[in-house]
Amino acid sequence: MDKIRIVGGNELNGTISISGAKNAALPLMIASLLTDETLTLENVPRLRDVAQLTQILSNHGVDYSVDGKRAGDDSLKGQTLHLTAGEIVDTTAPYELVSKMRASFWVIGPLLARMHQAQVSLPGGCAIGTRPVDFFIDGLRALGADLDIDKGYIVGSCKGGLKGARVNFPKVSVGATHTVLMAATLAKGETVIENAAREPEVVDLANCLKGMGAIIEGAGTDTIHVQGVDRLHAYRHAVIPDRIETGTYAMAVAMTGGKVLLEGARADLLDSAIETLRGAGAEITQTPEGLLVARNGNGIKPVDISTEPFPGFPTDLQAQFMALMTKAQGTSRITENIFENRFMHVQELARLGAKIQLDGQVATIEGVSELHGAQVMATDLRASVSLVIAGLVAQGETTVSRVYHLDRGFERLEDKLSRCGAQIERISA
Ligand code: EPZ
């Protein structure tokens, strides 16, 4: 299995091009199931999760093709995918495929909406908490679906199709919002989604669905109105830049010092993380080309954060921010409010010399003046990149194993960082 080897101590300087957002690309790809015409997606990142989802979609009968590289394309440019669900030949999403990635469970919405039936395995994904699916079940039942759980599968049907309804989520859920939103586009009548997720990825999905002919208002607020239509059609859509990748590299620069242009990044997608980073001593400026991030001279200041749904501080940047705080000049507290088991990076950061105490959902981090390189293990996607950020400043050599987690969500991480001066390489076993 591949490993990442880092020798810490170098500043980051240069340009990192920000990829399309994984967490926007996945629901957008799933939206292709809603129409028999071609959905073309530009700026899709080259990631393991994307490849995994194409397998799942092709099992349902989706044809897909990828535009090849064109002369003059940057090697890090996103790919263009063409997805055509001309005929859905199979409404089952099997355990072997769905268990590898939680987002693939979301196919249940479009399958019910278009085919009026679906058999979808209960999901897997990063082990960051129990991650139930009750909101999906309640939401789709409200739209008129009959759903049962049988041998690890959700088996659903809706004779005559889904019907618009009021869906009120008890807690904000990104995946349940995506799923009910997609399902509602082809339901009869109006659906109102209350306590909807406001994440930029929901807005991106809604914009694409609107381009495909859906009638949607309020995406980006906590109440979304959808007027069902009979059919959706072909559309071409570009995936928004990845705000989590942006925040991750911004934290890496705040950690190492130096100055990096995060090309294509948008500040409006991560206001709260930017404010937090400024508090920690980073200088961040939006330019027409992207976000310019620097930390000059002064040390890292401690800042307390709590993870919240958007527009709050994202849980997907919590581990990276903790890595930064391990070298702050003082003590900080991080409260994880979204997932109950998202502190698995703590023990690995401790192997590098970090001083972190855990008390339930709260981590107290006492900044240290030096981290020391060590062998560490990636435990989930965002946790693993936090180890890379720590490794960039740790004295000596850090080796991160189980990097397949990283490959799920960070496109050519070692290329992007080494182009900016980091001593980082992938060792293929
Ligand atoms: C999405 O996961 C993201 N995944 C996650 O990113 C992200 O951490 C999460 O949203 C929160 O922002 C993708 O977009 C592919 P949720 P999702 O439903 O939709 C509870 C990454 O690293 N809940 O918003 O699965 C749930 O347990 C990944 O890229 C229920 O109780 O998250 C959690 O506590 C990891 N019942 C909370 O809601 C349900 O039916 C929010 O989860 C559904 C969710």
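Computed from a prediction, not measured in an experiment: that's the story for all the values here.

## Some words on the overall build of the chain
Right, on to step 1. Scanning the chain from terminus to terminus reveals 14 helices and 24 strands.
Right, on to step 2. Here the chain has a C-alpha radius of gyration of 21 Å; the compact-globule value for 429 residues is 22 Å, and the two agree.
Right, on to step 3. Seen through its principal axes, the chain has C-alpha atoms that stretch 65 × 50 × 40 Å.
Right, on to step 4. Among the 429 residues that make up the chain, the fraction classed as buried is 57%.
Right, on to step 5. Of the contacts formed within the chain by residues at least 6 apart in sequence, a portion of 75% connects residues at least 24 apart.

## Structural notes on the packing of helix 8 (residues 243-256) against helix 10 (residues 318-325)
Right, on to step 1. Where helix 8 meets helix 10, the axes come as close as 10 Å, and the angle between the chain directions of the two elements is 5°. Here helix 8 lies roughly parallel to helix 10, going by the angle between them. Contact residues: helix 8 offers Ile244, Thr248, Met251, Ala254 and Met255, while helix 10 offers Gln320, Phe321, Ala323 and Leu324.
Right, on to step 2. For the contact of helix 8 with helix 10, a count of residues per class yields seven nonpolar, two polar and no charged.

## Some remarks on the site of the ligand
Right, on to step 1. Taken together, 24 residues lie near the ligand, and Asp134, Ser173, Asp316, Ile338 and Arg382 sit nearest.
Right, on to step 2. Within the backbone of proline 132, an N or O atom sits 3.2 Å from an oxygen atom of the ligand.
Right, on to step 3. Within the side chain of arginine 382, one N or O atom sits 2.7 Å away from an oxygen atom of the ligand.
Right, on to step 4. Protein contacts shield 92% of the accessible area of the ligand, which totals 830 Å² for the unbound molecule.
Right, on to step 5. Residue assignment for the shell around the ligand shows that the elements contributing at least two residues are helix 1 (22-31), helix 5 (134-142), helix 6 (174-185) and helix 12 (381-391).
Right, on to step 6. A per-element tally of the shell around the ligand places helix 5 first, with three residues.
Right, on to step 7. When grouped by side-chain class, the residues that make up the shell around the ligand number twelve nonpolar, four polar and eight charged.

## Digging into the nonpolar core
Right, on to step 1. If you look at the biggest cluster of nonpolar residues, it comprises 77 residues, and the most contacted ones within it are Phe105, Val107, Leu112, Leu162, Leu181 and Leu209.
Right, on to step 2. Residues contacting leucine 209, with those up to four places away along its chain left out, are Ala31, Leu34, Leu181, Met182, Thr185, Ala214, Ile216 and Leu232.
Right, on to step 3. By size, the runner-up hydrophobic cluster in this structure holds 69 residues, among which are Ile356, Val368, Val400 and Leu413.

## A look at the packing of aromatic side chains
Right, on to step 1. Overall, the coordinates contain three aromatic pairs when judged by the stated rule.
Right, on to step 2. Here phenylalanine 135 and phenylalanine 169 contribute two aromatic rings whose centre-to-centre distance is 6.4 Å and whose plane-to-plane angle is 45°, an arrangement assigned as tilted. With phenylalanine 135 in helix 5 and phenylalanine 169 in the loop between strand 10 (166-168) and helix 6, this residue pair connects regions lying 34 residues apart in the sequence. Like phenylalanine 169, phenylalanine 135 is buried.

## Description of the domain arrangement of the chain
Right, on to step 1. By the assigned domains, the chain splits into domain 1 (3-18 + 241-427) and domain 2 (22-238).
Right, on to step 2. Taking only C-alpha atoms, the centre of domain 1 and the centre of domain 2 are 30 Å apart.
Right, on to step 3. At the interface, 26 residues of domain 1 touch 24 residues of domain 2.
Right, on to step 4. At the boundary of domain 1 with domain 2, total buried surface from both sides reaches about 2300 Å², with 50% on carbon and sulfur atoms.
Right, on to step 5. Its largest share of buried area at the contact with domain 2, domain 1 owes to Phe310, Arg408 and Glu411, together 32% of the area lost on that side.
Right, on to step 6. If you look at where domain 1 meets domain 2, you find three salt bridges.
Right, on to step 7. Between aspartate 49 and arginine 408 there is a salt bridge; the shortest N-O distance is 2.9 Å.
Right, on to step 8. Here domain 1 and domain 2 share seven residue pairs in polar contact (both at pLDDT 80 or more) between them.
Right, on to step 9. Those elements giving two or more residues to the side of domain 1 that touches domain 2 turn out to be helix 12 and helix 13 (404-409).
Right, on to step 10. The biggest single contributor to the side of domain 1 that touches domain 2 is helix 13, with four residues.

Quick notes on the rules
Residues numbered from 1 in each chain as written. Predicted model: local features only at pLDDT ≥ 70, side-chain atom pairs only at ≥ 80, totals over all residues. Heavy atoms only, no water. Helix = DSSP H or I, 4+ residues; strand = E, 2+ residues; numbered from the N terminus. Rg over C-alpha atoms; globule rule 2.2 N^0.38 Å. Buried < 20%, exposed > 50% of the residue type's maximum accessible area, 1.4 Å probe, protein only. Contact = heavy atoms within 4.5 Å. Axes fitted to C-alpha atoms, helices over the stretch in contact; angles between N-to-C directions. Parallel < 35°, antiparallel > 145°, perpendicular 65-115°, else oblique. Nonpolar A, V, L, I, M, F, W, Y, C, P; charged D, E, K, R; others polar. Near = heavy atom within 4 Å. Polar contact = N/O pair within 3.5 Å; in protein donor to acceptor, adjacent residues only side chain to side chain. Areas by Shrake-Rupley, 256 points an atom, 1.4 Å probe, with all protein chains shown as cover. Core = buried A, V, L, I, M, F, W, Y, C linked by side-chain atoms within 4.5 Å. Phe/Tyr/Trp six-rings, centres within 6.5 Å; stacked < 30°, edge-to-face > 60°. Domains from an automatic or database assignment. Buried area = accessible area lost by both parts, 1.4 Å probe. Salt bridge = Lys/Arg side-chain N within 4 Å of Asp/Glu carboxyl O.

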